[in-house]
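Below are the chains, spelled out letter by letter.
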Amino acid sequence: MKKIGMISAATLMASGVAAWADELSVVCSAEQDWCDLMVGAFEAENPDTDVLMVRKSTGETLAQIRAEAGNPKIDVWWGGTGDPHLIAAEEGLTQPSGVDTSKLLGWAQNMAEISEGRTVGIYAGALGIAYNTEILADKGIAPPECWADLADPRFEGEIQVANPNSSGTAYTELATFVQLFGEDEAMERLAAIGANVNSYTKSGSAPTKAAARGETGVSIGFMHDMVNQAAIGFPLAIVAPCEGTGYEVGAVSIIEGARNLEGAQAWVEFALRADIQSRAPEVGSFQVPSNSNASVAPQSPDLASIKLIDYDFATYGSSETRERLLARWDVEVGDPNPQQ
Amino acid sequence: MKKTVLFWLILGLFGFVCLPWHMTDGGILDARWVTDGTASTGLFASIAGQWWLTPVGLTLLGALIIQLSVIDPVRRARLTLGTSVFGLVLLAVQGLVIVRAGPRILETLLTSETILAGQPGMGAGAAVCALALLFSSTISISQSGKGQGDAFVVNTIGLIVALVAIFVFFPVIHILVRAFEVDGGYALTEFFPRFFSSDIWGLGCLIRDRSCGVAINSLFLAVMTGAGTTLLGLSFALIFTRTDFRAKTVLRILTVLPIITPPFVIGLALILLFGRAGTVTEFFADLLGWEATRWLYGFWGIYFAQLLSFTPIAFLVLIGVVQGVSPSMEEASQTLDADRWQTFRFVSLPLMRPGLANAFLLGFIESLADFGNPLVLGSGYNVLSTDIYFAIVGAVADPAKAAILAIALLTLTLSAFMAQRIWLGKKSYATITGKADSGQNASLNPVLKWVCYGTALPWAALTVVVYSMIIFGSFVKLWGYNHSFTLDHYIRAFGIDFTTGRWTGVAWDSYFTTLTISSVAAPLTAVVGLSTAYLLVRQKFVGKDAFEFSTMLSFAIPGTVIGVSYIMAFNFPPIELTGTSIILIIVFVFRNMPVGVRGGIAAMSQLDKSLDEASITLGANSFTTVRRVILPLMGPAILAALTYSFVRAITSVSAVIFLVSAKHNMATSFIVGRVENGEFGLAIAYSAVLIITMLAAILILQLLVGTRRLRRSDRVQQA
């Protein structure tokens, strides 16, 4: 009976699926306002192109382009942390854009090299620690300065961080620790910090929002999220850990089989331009732009003054390393506080 | 009857000859396909080389000839049935085998140029042919003596089975097979160890200080939520029907509010009230000198939020049922010298069993599938729905794990469903018999009345507080921190530039899309849901239990799984729907249909069958009986189905996230994006506008549907 009915449904097939040549379908994984700004600016320069933009998180986008592989409805995937972009490149879900990357900073070119041009870096954000100044002052806790401080008993029950199994942010933290301290010591240190963690959240930006509202004292996450919350008006102070820290690279990719390839290439070139990247702070996005000529907002974490590690995206972005590290994390660090 | 078959067959042939077989770029109303020069209708495409379409047309023609030439009615019906079913099979097979990229199987045999060119998804022509073949089969089945010879019933069964098969089973199978996937094939060996692992079913929390498996966590939560919402819903329903409580209207609105609240909003409000830095928490911490704790994050927080969110569903199911309990029975009981408590305990309550069972089942399933509350408040308490979501979109995507967890979730649902069937048993709960009664329901005994007040009213007060917070939050600069008054959030979301007449607000697009899609989906959902309920309660046919369960399936599967499976199934021919608004409408209809079914079953099992029989005896057919007798008595169920499907289409999030596209963005997907970005003010302002829109819609619906009049007036007996 299943097959019989299958077709009667086709009645409902009305509005057209096919994109016209002058329509560009963009999935945006950055903040909504930044997405809107980009679309507005692109349409202003290319009045013939109708940009159809929808915002989805990187995980959702990756799941969608996997499911749609072979008959994609998306042309370009702009924004969002680089790991899923690299995975998409590795699985052949995206195609080389052929843009000129010579004006870009080293880490952005690096993304293009690893992925054979399939994805290009557009911004970077460093990993950091944030604390709620009011809570820590109330409780008389001295603010943290280093990763090592977080293992101190004074932070018991005050730290919140995401679970690396669900969050790319927390995986970046895990990989950063491994690159800073070596695998065995990293697990020990994470377990020691884990003793102070009140909960491992699912989403990477949740801990920082919780710290902003005073639901937790200290959070680990990306600094631009912290700057954003502080700029809104919450009592949040940001710390660049003294041992050095890792970072993420936000990326842009063209989907394999894109219907409007020319439009997609135009979008990638547009997204890498200095004048366009300089506009991000207008909408409260404080990531560091990848074009060396783009201006950096004064609020943005100054990457030059932060001790950045030489993050190895090729190794730590690969599925094999990821699965091994996460398996070790589950056993040696784990989620220690099943709340009942 | 013969005429109906002829009508469908001729319509089918018309579709084959005159309508475009494949989908067209411009949509169904775009007439460009007539003039663009390519062979598009079934007939012309067959002539132009797509020979695999020819047999479909031939079966239609064949069935028509049989109808006109064979005289013996039974033989005619059987031959027509055979031909039509054959036609449907051909139609399905060609669609599944030859896709956009050419043939999928038998590549060595199918090598001609036209086949290798492939074909796009099916369009209007194919749809009309399929419908024609389906109905000529079902009518023929009824003509050959099955299904009590009632074509309306058999047609409805055929159509619903077909729709459920395409839009529930077909996509869901795409993802469930992943559970059995091993490298390079499928096997059961991997499945069982993974399925029965202690991560899923572990009972560690009972014995040692460890965590239980996710399925056990979910089960515990769902049982608690099901029981809690049913009791609260019953309290509210009793207050409404059996007491002279003054502020019933206010209470009525309060019971509806949580159901029309977009996801995350209740969770956020609870955090701001009861979180570690919440208003209430700080107040008591200062007053009593307690340490502010994080008790809200974990089981109790989710439970609290789910009780708030799902009590209205239980109430909507129960109110119709409690109203329906006939006063005659209660009078009989009191005449036999039972006091009011005994009457309630041994007469009224047992008669409410279908309502209680359905309310519990809905609460249970809603809790299992709930995604927003565990995400916001879950913390260390893992449940299936969020684990499935992160198995699909998390840092390590593992579709196999998601499929296995989804199967665990389905197992729980199936068990609850079976338990409910056993508890209800085969008793009759019919109380609306058409016989005259006094129209006075017994009032509650005082103790019970105060128990109801004592549970329901504090709850209502809490709802008021939560919603005042939400309204408050939309008018302040930074909710929870900077409480200076502002209209900025509303202006950003819903601004209109009156000088140019432009709608400058960022929310307008998604707002109108959401309203349009929900308004289309709601009546469809009600129709499909209530007709299914009618079939289940009133008709007997083979495989009824399986049919009943299959209609519950889509409700029990978490939205994330549905969303991804819809992309997998409907991104490619034969049915290509991704990126359209239709896929959103369909996903809402089939996800929310079970509420219509449950509500319909509960209401219909109270209608005595003698009403139908009287109507049939007087010469009406079953269609007329439904229209003139059953429908008017189903007012509350229709209202519940319409309301609920409308509201759910607006507030659902997890299925929608994968299916929205730039052209068709939905309000919830927009709100979630804002929440992720920490812009609570805008998200809440938008939610407030949605809540008001939905309230208005519900009031209009209530006026349109009207209240049913069971007896002269629904008065409560004065004590």
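It should be emphasised that the depicted structure is a prediction, and the values quoted were computed from it without experimental measurement.

### Looking at the environment of B:Thr281
Residue and element names in this part refer to chain B.
Move 1: Here Thr281 lies in helix α14 (residues 279-288).
Move 2: Residues Thr281 and Ile271, spaced 10 residues apart in sequence, show a C-alpha to C-alpha distance of 9.8 Å.
Move 3: Setting aside its immediate chain neighbours within four residues, Thr281 contacts Leu273, Phe274, Gly275, Arg276 and Ala292.
Move 4: A polar side-chain atom of Thr281 sits 3.0 Å from the main-chain carbonyl oxygen of Phe274.

### Quick look at the confidence of the model for chain A
Residues and elements named next belong to chain A.
Move 1: Looking at chain A as a whole, the pLDDT averages 84, with 92% of positions reaching at least 70.
Move 2: Within chain A, no element has a lower average pLDDT than helix α1 (residues 2-6), which sits at 35, and none a higher one than strand β4 (residues 94-95), at 94.
Move 3: Under a pLDDT of 50 for its full length, residues 336-340 has, in the predicted model, 22 contacts with residues more than four places off or in other chains.

### Quick notes on helix α20 (residues 384-393) of chain B
Move 1: Judged by how many residues are buried, α20(B) sits mostly within the fold: 10 of 10 residues are covered.
Move 2: Within α20(B), burial applies to B:Leu384, B:Ser385, B:Thr386, B:Asp387, B:Ile388, B:Tyr389, B:Phe390, B:Ala391, B:Ile392 and B:Val393.

### Section: the packing of helix α15 (residues 299-324) of chain B against helix α18 (residues 353-369) of chain B
All names here are of chain B.
Move 1: At a minimum axis separation of 9 Å, α15 and α18 run at an interaxial angle of 155°. Considering the angle they form, α15 stands roughly antiparallel to α18. Handedness of the α15/α18 crossing: right-handed. Only Gly355, Leu356, Asn358, Ala359, Leu362, Glu366 and Ser367 of α18 make contact with α15, whose side of the interface consists of Gln306, Phe310, Ile313, Ala314, Val317, Leu318 and Val321.
Move 2: Residues that form the contact of α15 with α18 fall into these classes: nine nonpolar, four polar and one charged.

### So, the nonpolar core
Move 1: Within the largest apolar cluster, 216 residues are counted, with the highest numbers of intra-cluster contacts made by B:Leu270, B:Tyr566 and B:Phe570.
Move 2: Looking at this core element by element, the count peaks at 17 residues for α15(B).
Move 3: Among all residues touching B:Phe570, those that are not within four sequence positions of it are B:Ile166, B:Phe167, B:Phe170, B:Pro171, B:Ile575, B:Glu576, B:Leu577, B:Thr578 and B:Ile583.
Move 4: One finds A:Leu150, A:Met223, A:Phe270 and A:Trp329 within the second-largest nonpolar core, a separate group that totals 81 residues.

### Some points on a nonpolar patch on the surface
Move 1: Together, B:Phe283, B:Phe284, B:Leu287, B:Leu288 and B:Trp290 make up an exposed nonpolar region whose accessible area comes to about 570 Å².
Move 2: Looking at the secondary structure, you find B:Leu287 in helix α14.

### Quick notes on the pairing of strand β8 (residues 218-222) of chain A
All names here are of chain A.
Move 1: Extensive coverage of β8 is indicated by the burial of five of its five residues.
Move 2: Here strand β5 (residues 119-132) runs beside β8; their pairing, made up of five bridges, is antiparallel. Each residue of the ladder has a partner; that of Ile129, found in β8, is Ile220.
Move 3: One ladder, built from two bridges, connects strand β6 (residues 159-162) with β8; its direction is parallel. Looking at β8, one finds that Gln160 is bridged to Ser219.

### Regarding unusual backbone geometry
Generally, phi is negative for residues other than glycine and the peptide bonds are trans, each holding for most cases.
Move 1: Residues other than glycine seldom take positive phi values, yet A:Glu116 does so here, at roughly 55°.
Move 2: Mapping A:Glu116 onto the fold places it in the loop between α5 (106-114) and β5.
Move 3: Non-glycine residue B:Asp337 carries a positive phi angle of around 80°.
Move 4: Here B:Asp337 shows up in the loop between α16 (327-335) and α17 (340-351).
Move 5: On the basis of relative accessibility, which here comes to 68%, the residue B:Asp337 falls in the exposed class.

### Observations regarding the pattern of salt bridges
Residue and element names in this part refer to chain A.
Move 1: Scanning the model with the defined rule gives 17 salt bridges over all chains in all.
Move 2: Of the charged contacts, one joins Glu183 and Arg324 as a salt bridge, the two residues approaching to 2.7 Å between their closest N and O atoms. Of this pair, Glu183 sits in helix α8 (residues 183-194) while Arg324 is found in helix α14 (residues 319-332), placing the two residues 141 residues apart along the sequence.
Move 3: The partner of Arg279 in a salt bridge is Glu282, with the nearest N and O atoms 3.1 Å apart.
Move 4: By relative accessible area, which is 53% here, Glu282 ends up exposed.
Move 5: Overlapping salt bridges bring together Glu183, Asp184, Arg324, Arg328 and Glu332 as one network.

### Notes on a negative patch on the surface
Move 1: There is a patch of like negative charges on the surface, built from A:Glu134, A:Asp138, B:Glu282 and B:Asp286.
Move 2: Contributing elements (two or more residues each) for the negative patch: α6 (133-139) of chain A together with α14 of chain B.
Move 3: Structurally, B:Asp286 can be placed in helix α14.
Move 4: Using a relative accessible area of 68% as the deciding quantity, one classes B:Asp286 as exposed.

Rules and cut-offs
Residues numbered from 1 in each chain as written. Chains lettered and ligands numbered in written order. Predicted model: local features only at pLDDT ≥ 70, side-chain atom pairs only at ≥ 80, totals over all residues. Heavy atoms only, no water. Helix = DSSP H or I, 4+ residues; strand = E, 2+ residues; numbered from the N terminus. Contact = heavy atoms within 4.5 Å. Polar contact = N/O pair within 3.5 Å; in protein donor to acceptor, adjacent residues only side chain to side chain. pLDDT = per-residue confidence, 0-100. Buried < 20%, exposed > 50% of the residue type's maximum accessible area, 1.4 Å probe, protein only. Axes fitted to C-alpha atoms, helices over the stretch in contact; angles between N-to-C directions. Parallel < 35°, antiparallel > 145°, perpendicular 65-115°, else oblique. Left-handed = near helix turned anticlockwise from the far one by under 90°. Nonpolar A, V, L, I, M, F, W, Y, C, P; charged D, E, K, R; others polar. Core = buried A, V, L, I, M, F, W, Y, C linked by side-chain atoms within 4.5 Å. Patch = residues over 30% accessible without salt bridge, like charges linked within 9 Å, V, L, I, M, F, W, Y side chains within 5 Å. Areas by Shrake-Rupley, 256 points an atom, 1.4 Å probe, with all protein chains shown as cover. Salt bridge = Lys/Arg side-chain N within 4 Å of Asp/Glu carboxyl O. Pairing = 2+ DSSP bridges. Lys, Arg positive; Asp, Glu negative; His and termini not counted. Charge placed at Lys NZ, Arg CZ, Asp CG, Glu CD.

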